[in-house]
Amino acid sequence: MSMGCLISVEGIEGAGKSTLVESIAAFLRSHDIAVCQTREPGGTPVAESIRHLLLHAHPHEPLTHRAELLLMFASRIQHIEMCILPALQRGEWVICDRFVDASFAYQGGGRGLGLEQIEPIAAWSMGGLEPDLTLLLDLPVEQAMQRLQGRHKDKIEQESLAFFESVRSAYLVRAQQMSQRFLVLDATVSADALALQSHEAVKRLWASEDD
Ligand code: Z5A
């Protein structure tokens, strides 16, 4: 049996990732492709427990930036080994709402941790795994905030506009550096238009797999 493909969807909060992940999964299923739909941080029971630790502030002690980075990767290792790799080996297509690039954007760009600190941890944790396709939903921060008005915010979502500007820039830099697997999409358009563009990219990926 041939290995499945790994697709990640990235962007700042409110960019429309979860909406798009649902649409891609439904699109693949409608073509009889087995799908594993998942997210980070999280995706397995243990990784979801780490997510809870990451997104809910402790009343008496802040999480340090380096502890946050290592917890993101602890959750990712658990997710890769217990969920993603087994699914790929079963031939399923894995659609992941955020993946490794989020650590470079949020902990690198947002928190200001140096790439020289993140890169070796990523290399050690991922064992050579990387997405076949990464869809980056790019949206001005103010517009993303408007979409989320009135919603309860978790710990990271309470950060400043400047924090999210840095995250957005770091994503765009990474997309330029890894242009062979990134597709940057203008996320100001409607969810339907975004879905159409993404389905075309997914079709190109499966055509290249068939070659
Ligand atoms: N994090 C990290 O720091 N480091 C890491 O390595 C990883 C994560 C993996 C949890 O992420 C936090 O973890 C996140 C980064 C950090 N914190 N922040 N910020 P998450 O993915 O669980 O949470 P999120 O990014 O905050 O997701 P979200 O707020 O749900 O946003 P979204 O999934 O991108 O958007 P959505 O839910 O699809 O849509 C939001 C609203 O906009 C909704 O009302 C939709 O109906 C609407 N929408 C969607 N698409 C459109 C379009 N195209 N036009 C108009 N309106 C739209």
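Residues numbered from 1 in each chain as written. Predicted model: local features only at pLDDT ≥ 70, side-chain atom pairs only at ≥ 80, totals over all residues. Heavy atoms only, no water.

Draft legend 1. Quick peek at the overall build of the protein. Helix and strand content of the protein: eight helices and five strands. Overall, the protein shows an N-to-C arrangement of helices and strands of β-α-β-α-α-β-α-α-β-α-α-β-α. Over its C-alpha atoms the protein spans a radius of gyration of 17 Å, differing by no more than 12% from the 17 Å that the globule rule assigns to 211 residues. A fraction of 80% describes how many contacts in the protein between residues 6 or more apart in sequence connect residues 24 or more apart. Carbon and sulfur atoms make up 54% of the accessible area of the protein, which totals about 10,400 Å². Of the side chains in the protein, 18 bear a positive and 28 a negative charge, and the two mean positions are spaced by 4 Å. (Helix = DSSP H or I, 4+ residues; strand = E, 2+ residues; numbered from the N terminus. Rg over C-alpha atoms; globule rule 2.2 N^0.38 Å. Contact = heavy atoms within 4.5 Å. Areas by Shrake-Rupley, 256 points an atom, 1.4 Å probe, with all protein chains shown as cover. Lys, Arg positive; Asp, Glu negative; His and termini not counted. Charge placed at Lys NZ, Arg CZ, Asp CG, Glu CD.)

Draft legend 2. Structural context of the pairing of strand E1 (residues 6-11). For E1, the buried fraction is high: six of the six residues fall into the buried class. Residues Leu6, Ser8 and Glu10 line one face of E1 and the alternating positions Ile7, Val9 and Gly11 line the opposite face, and both faces are buried. Sheet topology places E1 next to strand E3 (residues 93-97); four bridges connect them, and they run parallel. Looking at E3, one finds that leucine 6 is bridged to valine 94. (Buried < 20%, exposed > 50% of the residue type's maximum accessible area, 1.4 Å probe, protein only. Pairing = 2+ DSSP bridges.)

Draft legend 3. Examining the site of the ligand more closely. The local shell around the ligand holds 29 residues, among which Lys17, Thr19, Arg98, Arg151 and Glu157 are the closest. Contacts to the ligand include serine 103, whose side-chain N or O atom sits 2.6 Å from an oxygen atom. Within the complex, 82% of the 1,100 Å² of free accessible area of the ligand lies under protein. One can see that the ligand is located within the largest pocket. Mapped onto the shell around the ligand, the elements with two or more residues apiece are helix H1 (17-30), helix H2 (45-55), helix H3 (65-89), helix H4 (100-110) and helix H8 (191-210). In terms of residue count, H4 provides more of the shell around the ligand than any other element does, four residues in total. A class-by-class count of the residues in the shell around the ligand yields 13 nonpolar, seven polar and nine charged. (Near = heavy atom within 4 Å. Polar contact = N/O pair within 3.5 Å; in protein donor to acceptor, adjacent residues only side chain to side chain. 1 Å grid on protein atoms, 1.4 Å probe; cavity = no way out; pocket = protein on both sides within 12 Å on 5 of 7 lines; lining within 4 Å. Sits in = over half its atoms within 2 Å of the grid points. Nonpolar A, V, L, I, M, F, W, Y, C, P; charged D, E, K, R; others polar.)

Draft legend 4. Fine view of the sheet that holds strand E5 (residues 182-186). Taken together, the five strands give an open sheet; going across it, the order is E2-E3-E1-E4-E5, and neighbouring strands pair in parallel fashion. Looking along the sheet, the strands with just one partner apiece sit at the ends: strand E2 (35-39) and E5. Across the sheet, the axes of successive neighbouring strands diverge by a mean angle of 20°, strand direction being ignored. (Axes fitted to C-alpha atoms, helices over the stretch in contact; angles between N-to-C directions.)

Draft legend 5. Broad picture of the side chain of arginine 174. Counting through the fold element by element, arginine 174 comes out in helix H7 (residues 161-177). Looking at arginine 174, the relative accessible area reads 9%, which means it is buried. A polar atom in the side chain of arginine 174 sits 2.6 Å from the side chain of aspartate 101. Those residues in contact with arginine 174, other than ones at most four positions away along the chain, are Asp101, Phe104, Arg181 and Phe182.

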